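Per-entry structural report
Here is what each chain is made of, one letter per residue.
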Amino acid sequence: MSPDADPRELFRRFAANPIITAAHFPRMVNAVFNAGATVVGDRTLLLLRVEHRTGLSSLVVATSSDGLTGWEIDPLRGLDPLPGYFGEHWGVEDPRITKVDDEYLVVYVGYSHAGPLVCLAKTRDFASFERSGVLQPPEDKDAALFPERFGGRWALIHRPSPSGAGFGAHVWISFSPDLRHWGDSQVLLAARRGGWWDANKVGLGPPPLLTRDGWLLCYHAVRVTASGSLYRLGLALLDRDDPTKVLARGNEWVFGPQEPYERHGDVSGVVFPCGWVLRDDGDTLHLYYGGADSVVCIAEASLANLLSHLEGHPFAEDTGKPGNLGPFTPGDA
Ligand code: BMA
């Protein structure tokens, strides 16, 4: 990891960032970013979002033995948009991978005529995929499944963008008995308001990670500034048995665009993770993120440090000060 990192930071960038760029591809592509991550056998696998020069994206596999170096792109494995399928008319984007038994559940954004929506495909080898179709209609994105069921039901975190009455773009949770029929939808993490770093728009990063304290979430938030949007990351913790209960939410962002490969690119000022891998020591966490919608990067953190950071942050909505001021009220703007 970068030796000159500020020791107060929770995440440290990999010194050899960016790890994968368009230049690594045998054929000309525009950009590679926002990769899902998992472990398959003894290799770390990234499902890269590759944006072609058409402007449309597909998902391509890259693997590494240590999750840091020696990345091998496997252009024969991955997911191309299905021709003629309305959900993927303009490509497939931003995959989040959840392993359940021997199967990998890949939740990704399909770019349909009606806007982005949430799709699911299942795979065992990342070479062939069985599509399960659309889980959430447009506009919806930033979605991932929990690896465990709650009272027999699957849980999906997602980010609808309702256009009504300035409601805003918040992180939601929905439940399903069969991965097809979804309901019991509710706001899980509301964007805060006003001057907060996570005002206006928030969305899930990697899939929820089970820890000793509950489900750890890493989410992104967009702050609109005079010179464009800034995508930064924050942390939250959900109850182990009832993921609708937010136990903690950090008040401060913990990772943001700083290096040139995050500050400058197709969309400048963006760090956007879709995957993380907890290593065998149970503490080293590798976060895989897109830099400026152009390249793939890694940052490392200690899970114990992330959890201690959250211990000082009980659930606080749009308060301006720490503490529990009660649940989010729609329309309370
Ligand atoms: C989000 C998604 C991401 C992208 C980010 C910044 O809405 O579309 O794919 O990285 O915007 O452009």
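The structure we're discussing is the one just above.
Our subject in this report is the structure included herewith. Remember, it's a predicted structure, so these values are computed and weren't measured experimentally. (Residues numbered from 1 in each chain as written. Predicted model: local features only at pLDDT ≥ 70, side-chain atom pairs only at ≥ 80, totals over all residues. Heavy atoms only, no water.)

1. Here's the deal with the layout of surface pockets
What counts, and what does not: Here a cavity is any set of points on a 1 Å grid over the protein atoms alone where a 1.4 Å probe fits but cannot get out, and a pocket is any open set with protein on both sides within 12 Å along at least 5 of 7 lines; a residue lines the site when it has an atom within 4 Å of a point. Grid points are joined across faces, edges and corners, and a volume is the space filled by probe spheres set on the points. Helical segments are the DSSP runs of H or I of at least four residues, strand segments are the runs of E of at least two, and each set is numbered from the N terminus. Think of it as three bins: nonpolar holds Ala, Val, Leu, Ile, Met, Phe, Trp, Tyr, Cys and Pro, charged holds Asp, Glu, Lys and Arg, and polar takes everything else, Gly as well.
In this structure, the largest pocket spans a volume of roughly 430 Å³. Every residue lining the largest pocket is counted, 18 residues in all, and those nearest its centre are Ile97, Lys99, Pro208, Leu209 and Trp276. Put simply, the parts of the chain that give the lining of the largest pocket at least two residues each are β2 (31–40), β6 (92–100), β15 (209–211) and β19 (271–278). At four residues, β19 tops the list of elements feeding residues into the lining of the largest pocket. Considering only residue class, the lining of the largest pocket consists of 13 nonpolar, three polar and two charged. In this structure, the second largest pocket spans a volume of roughly 320 Å³. Along its surface, the second largest pocket is lined by 21 residues, and Asp94, Lys141, Tyr231, Phe272 and Asp293 are the ones closest to its centre. When residues of the lining of the second largest pocket are traced back to their parent elements, those giving at least two are β2, β3 (43–51), β6, β10 (140–145) and β16 (214–225). Here the lining of the second largest pocket is built from residues that sort into seven nonpolar, three polar and 11 charged.

2. What about helix α2 (residues 303–311)?
Basically, it comes down to this: Type-normalised accessible area, obtained with a 1.4 Å probe on protein chains alone, sets the label of each residue: buried when under 20%, exposed when over 50%, and partly exposed for intermediate values. Directions drawn from the helix axis to the C-beta atoms are what define this arc.
Looking only at α2, the buried set comprises Leu303, Leu306, Leu307, His309 and Leu310. Here the buried residues of α2 occupy an arc of 155° about the axis, which is enough to place them on one side.

3. Overview of the sheet that holds strand β1 (residues 12–13)
As a reminder, the rule being used: What makes two strands pair is DSSP finding at least two bridges between them.
The four strands are arranged β1-β21-β20-β19 in an open sheet whose pairing can be described as antiparallel. With one partner strand each, in any of the chains shown, β1 and β19 form the two edges of the open sheet. Here seven bridges tie β19 to strand β20 (residues 284–291), and the two strands are oriented antiparallel to one another. The partner of Leu278 across the bridge, within β20, is Leu285.

4. Thoughts on the pairing of strand β11 (residues 154–160)
By the criterion of burial, β11 is predominantly enclosed, with seven of the seven residues buried. Burial of the side chains of β11 extends over both faces: Trp154, Leu156, His158 and Pro160 are buried on one face and Ala155, Ile157 and Arg159 on the other. Two elements, β10 and β11, share four bridges in a ladder whose sense is antiparallel. Along β11, the bridge assignment pairs Leu145 with Leu156. Across five bridges, the pairing between β11 and strand β12 (residues 171–176) is antiparallel. Pairing of Ala155 across the sheet is with Phe175, part of β12.

5. Points about the nonpolar core
Cut-off, in case you're wondering: Here the nonpolar core consists of buried residues drawn from Ala, Val, Leu, Ile, Met, Phe, Trp, Tyr and Cys, with membership extended through side-chain atoms lying within 4.5 Å. Two residues form a contact once any of their heavy atoms are found within 4.5 Å.
By size, the foremost hydrophobic cluster in this structure holds 25 residues, and its most contacted members are Phe11, Leu216, Leu235, Phe255, Trp276, Tyr289 and Leu306. Contributing elements (two or more residues each) for this core: β16, β17 (228–238), β19, β20, β21 (295–302) and α2. Every residue in contact with Leu216, bar those within four places of it in the chain, is listed here: Pro208, Leu209, Thr211, Ala236, Leu237, Trp276, Leu303, Leu306, Leu307 and Leu310. Within the second largest apolar cluster, 23 residues are counted, among which are Ala155, Trp197, Trp215 and Leu238.

Keep in mind these numbers describe shape, not what the thing actually does.
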